[in-house]
Amino acid sequence: MTQSIIHILPLELITRILMMLDYRSLAACRQVCHLFNTSIARNSPLQYTLELGAAGKQDNPLSSFDFPRKLAALQRHQAAWRALQWTSAKDIPMLHLWELYGGVLAQSDFNRTIHFRRLPSQIREIEEHSWSVSASDTDLRDFTMDPAQDLLVLIARPRRGRRLDARLETAVHLRSLTTGDRHPLAPDPPILRHSADASVVESSLIVQVCGDRVAVHFVSHEAAPSVLVVWNWKTGQKELDLGDSELRAFSFLANHYILVGGFGDGGRSARLYVLDPTNCDGEPVALEDVNYRCVFLYPPCSARVTPVGFQIRADPISPRVPPASSNVPFFADRDLRLLVITMCVAVGFEFASFNLFVLSRALLSSVEGLGPENDRHHFMWKDWGPRNTRLVRSPHSQAWVCFVFGTKFISLVDGESEDGEDVRMLEVWDFNAIGMRRERCQGVVDTMEVEGDPIIEWHDHDFTAVYHDAFLENISTSLPYRVVRRDLPSQKLDGHFFADGMCSEDNIILVDV
């Protein structure tokens, strides 16, 4: 009888071949035969690959951790998030301007000094580290950062020239996050500039970094249109200068795609535009004139709706990898990110806010499936929304906006303890479908809180129905997710209460007032 090739090849060679596969192929190989299954189960690198896929993580090949140590750390990391069990806690006073990105919490004081704190992780062996950078030479308006690129972006307050017809000019300074000096990859001088009509006074800014690009959204709360400007910060070249009254929010969908949110059709149609800045010339342009790749349409709103606000949040924004000096064993998959899109409207005298949850991969797959002749393509809600999203009423604050990381969304809600007392509860919604399927296969079911263990609630075979006068029709959405919920400790003794929550890859930040 002819032997199968898997019985002829040495086991070492079979293992080497298996190590070349991604986690999807590896999971399929486990179903092929007993030999493959046992070979994978007994091999730490192969088990680690499977765990990475289920967790939505990527390996850091520069880490000094060996594979058994990486596997153990990843399993502990996942278990801690499933149980919402933190290993340590610390109180940090909040100052003036702040930012949370890349595991670094930054705050500025009124002396224009920015204080940075690298948040610790016992599991990934990240030590807490604090340092400060002076921004006293700038009239600081806002800032952001990208620790992976050692990049600090400072936005100065706009200045008016001396001439009567002079325009307002905003300077964007590019500096090293660790030293405060000019960033070595920035142009000379390391300043990006944008000018606007002197009659326009922006009341807020949104700043993001994604790879080689820096984007600043100058949000106008007046009759003048808001403006989105995108530069290549390494060359200083302006790639996009988009000004439009419909422009309400933006986020990088990928390094080469920008997602722009707003209202069209007189405010009756919320929509998400996808733009490729490389197809723009950096000259001022309106949204209706830009050669956008496509637009994703929301369900139509009623005639009584007045747009109030729009917000798009995701983290990490950049196709992020740890810096070369980092020893972390793994990090969040750059291709698996949750977008939380918040739409605020007024319906008559009632204000309503809605969160739309969608994975970046779902939008990108639709965009990349378009041919070169399909620019300005419209995706109707029925074709992309019901299966790929969850639309729910929004309970959270618009101030503490770092409520999403990877596929996780964090929120604080009011609850009731067993003895009838009001308590604040921490909720983590996880939209990692692969991890959910794996846990379901392992027999994990809905649980109630017992002896300090969290509540686990599954929404992987149901739908959410929204019935509201803001929309012309009832809306059903079914993107799978899982909720983990636990009580927070009482703060009655010190007179404070937890108002909101934020998260990073390793940390939960509870904000009290």
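Residues numbered from 1 in each chain as written. Predicted model: local features only at pLDDT ≥ 70, side-chain atom pairs only at ≥ 80, totals over all residues. Heavy atoms only, no water.

**Student:** So what exactly am I meant to see when it comes to the state of the cysteines here?
**Tutor:** Covalently bonding the sulfur atom of one cysteine to the sulfur atom of another cysteine gives a disulfide. On inspection of all chains with the given rule, the structure shows zero disulfides. Lacking any disulfide linkage, Cys-301 is separated from the closest cysteine sulfur, that of Cys-344, by 12 Å. According to the relative accessible area criterion, Cys-301 is buried, its value standing at 3%. (Disulfide = S-S within 2.5 Å. Buried < 20%, exposed > 50% of the residue type's maximum accessible area, 1.4 Å probe, protein only.)

**Student:** What is the right way to read the environment of Leu-177 from this model?
**Tutor:** Note on placement: Leu-177 falls in the loop between β9 (168–176) and β10 (191–196). Sequence-wise, Leu-177 and Ser-132 are 45 residues apart; in three dimensions their C-alpha atoms are separated by 9.3 Å. In this structure, Leu-177 is in contact with Phe-116, Trp-131, Val-133, Met-145, Pro-147, Asp-150, Leu-151 and Leu-152, ignoring residues within four places of it in sequence. (Helix = DSSP H or I, 4+ residues; strand = E, 2+ residues; numbered from the N terminus. Contact = heavy atoms within 4.5 Å.)

**Student:** Explanation requested: the sheet that holds strand β3 (residues 104–108) in the structure shown.
**Tutor:** By way of backbone hydrogen bonds, the strands of a sheet pair with one another, either parallel or antiparallel. Judged by pairing direction, the sheet is antiparallel, and its four strands sit side by side in the order β2-β3-β4-β5 without closing on themselves. Looking at which strands have only one partner, the edges of the open sheet turn out to be β2 (98–101) and β5 (129–134). Across the sheet, the mean angle separating the axes of adjacent strands is 15° when strand polarity is ignored. Across four bridges, the pairing between β2 and β3 is antiparallel. Across the sheet, Tyr-101 pairs through a bridge with Val-104, a residue of β3. (Pairing = 2+ DSSP bridges. Axes fitted to C-alpha atoms, helices over the stretch in contact; angles between N-to-C directions.)

**Student:** Got a minute to help me understand the packing of helix α4 (residues 34–41) against helix α5 (residues 44–55) in this structure?
**Tutor:** In a packed pair of helices, the relevant descriptors are the angle between the two axes and the axis-to-axis distance. Two elements in contact, α4 and α5, have axes whose closest approach is 6 Å; the angle formed by their N-to-C orientations is 90°. Taken together, α4 and α5 sit at an angle that is classed as roughly perpendicular. Across the interface between the two elements, Ser-39, Ile-40 and Ala-41 from α4 touch Leu-46, Gln-47 and Leu-50 from α5. Here the residues of the contact of α4 with α5 are counted per class, giving four nonpolar, two polar and no charged. (Parallel < 35°, antiparallel > 145°, perpendicular 65-115°, else oblique. Nonpolar A, V, L, I, M, F, W, Y, C, P; charged D, E, K, R; others polar.)

**Student:** Quick question: what am I supposed to make of the pairing of strand β6 (residues 140–146) here?
**Tutor:** It is a general feature of regular strands that their side chains alternate between the two faces of the sheet. By the criterion of burial, β6 is predominantly enclosed, with seven of the seven residues buried. Strand direction decides the pairing type here: β6 and strand β7 (residues 151–156), joined by six bridges, are antiparallel. If you follow Leu-140 over to β7, its bridge partner there is Ala-156. Hairpin connection between β6 and β7: a loop of four residues separates the two successive antiparallel strands, and Asp-150 in this loop has a positive phi of roughly 50°.

**Student:** Looking at this model, I keep getting lost on α5. Mind explaining?
**Tutor:** Structural remark: α-helix, 3.6 residues per turn; residues separated by three or four positions point the same way. The terminal C-alpha atoms of α5, which comprises 12 residues, lie 16 Å apart, in line with the 16 Å expected from a rise of 1.5 Å per residue. Counted residue by residue, α5 has 10 buried out of 12 residues, so it is predominantly covered. Where α5 is concerned, the buried positions are Pro-45, Leu-46, Gln-47, Tyr-48, Leu-50, Glu-51, Leu-52, Gly-53, Ala-54 and Ala-55. The backbone nitrogen of Leu-46 lies 3.0 Å from a side-chain oxygen of the residue at the head of α5, namely Asn-43. A positive phi of about 70° marks Gly-56, the residue just after α5. (Expected span 1.5 Å × (residues − 1). Polar contact = N/O pair within 3.5 Å; in protein donor to acceptor, adjacent residues only side chain to side chain.)

**Student:** What is the right way to look at the packing of aromatic side chains in this model?
**Tutor:** Any pair of aromatic rings gets described here by the distance separating the centres and the angle formed by the planes. For the structure shown, the criterion picks out 18 aromatic pairs. Here Phe-403 and Phe-409 contribute two aromatic rings whose centre-to-centre distance is 5.6 Å and whose plane-to-plane angle is 75°, an arrangement assigned as edge-to-face. On the accessibility criterion, Phe-409 (2% relative accessible area) is buried. Taken together, the ring pairs in this structure connect Phe-263, Phe-296, Tyr-298, Phe-310, Phe-379, Trp-381 and Trp-384 into an aromatic cluster. Over the ring of Phe-65 we find Arg-69, and its NZ or CZ is 3.8 Å from the ring centre. (Phe/Tyr/Trp six-rings, centres within 6.5 Å; stacked < 30°, edge-to-face > 60°. Lys NZ or Arg CZ within 6 Å of the ring centre and 35° of its normal.)

**Student:** Help me understand the environment of Ser-353 in this model?
**Tutor:** Structurally, Ser-353 is set in strand β23 (residues 350–359). Judged by relative accessible area, which is 14%, Ser-353 ranks as buried. Along the chain, Ser-353 and Thr-342 lie 11 residues apart, while their C-alpha atoms are 6.8 Å from each other.

**Student:** It is not clear to me how the pattern of salt bridges should be interpreted in this structure. Could you clarify?
**Tutor:** Close approach of charged atoms lets side chains of opposite charge pair. On inspection of all chains with the given rule, the structure shows 27 salt bridges. The salt bridge partner of Asp-188 is Arg-182, with a shortest N-O separation of 4.0 Å. Judged by relative accessible area, Arg-182 falls into the partly exposed class, the value being 42%. Residue Asp-430 is joined to Lys-408 by a salt bridge in which the shortest nitrogen-to-oxygen separation is 3.8 Å. Separated by 22 residues along the polypeptide, Asp-430 in strand β28 (residues 422–430) and Lys-408 in strand β27 (residues 408–416) bring together distant segments of the chain. We classify Asp-430 as buried; its relative accessible area is 9%. Since its relative accessible area comes to 14%, Lys-408 is described here as buried. (Salt bridge = Lys/Arg side-chain N within 4 Å of Asp/Glu carboxyl O.)

**Student:** Can you walk me through the packing of helix α2 (residues 11–18) against α4 in this structure?
**Tutor:** Interhelical geometry of α2 versus α4 gives an angle of 75° and a closest axis separation of 11 Å. When the interaxial angle is binned, α2 and α4 end up roughly perpendicular. Of the residues in α4, those touching α2 at Leu-11, Ile-14 and Leu-18 are Leu-35, Phe-36, Ser-39 and Ile-40. A class-by-class count of the residues in the contact of α2 with α4 yields six nonpolar, one polar and no charged.

**Student:** What is the right way to read the sheet that holds strand β26 (residues 404–405) from this model?
**Tutor:** Ordered in space as β26-β27-β28-β32-β29, the five strands form an open sheet in which the pairing is antiparallel. Across the chains shown, the open sheet's two edge strands, defined by having one partner strand only, are β26 and β29 (455–459). By the bridge criterion, nine bridges tie β27 to β28 in an arrangement that is antiparallel. Among the inter-strand pairings, Val-413 is bridged to a residue of β28, identified as Met-425.

**Student:** Before we go on, may I ask you to explain the pairing of β23 in this structure?
**Tutor:** Burial within β23 is extensive, with eight of its 10 residues counted as buried. Bridge count between strand β22 (residues 338–347) and β23: 10 bridges; the pairing is antiparallel. When the sheet's bridge partners are listed, Val-347 is paired in β23 with Glu-350. The turn linking β22 back onto β23 is made up of two residues, and Gly-348 within it adopts a positive phi angle of 65°. Here β23 pairs with strand β25 (residues 389–393) via five bridges, running antiparallel. Across the sheet, residue Phe-354 finds its bridge partner in β25, namely Arg-393.

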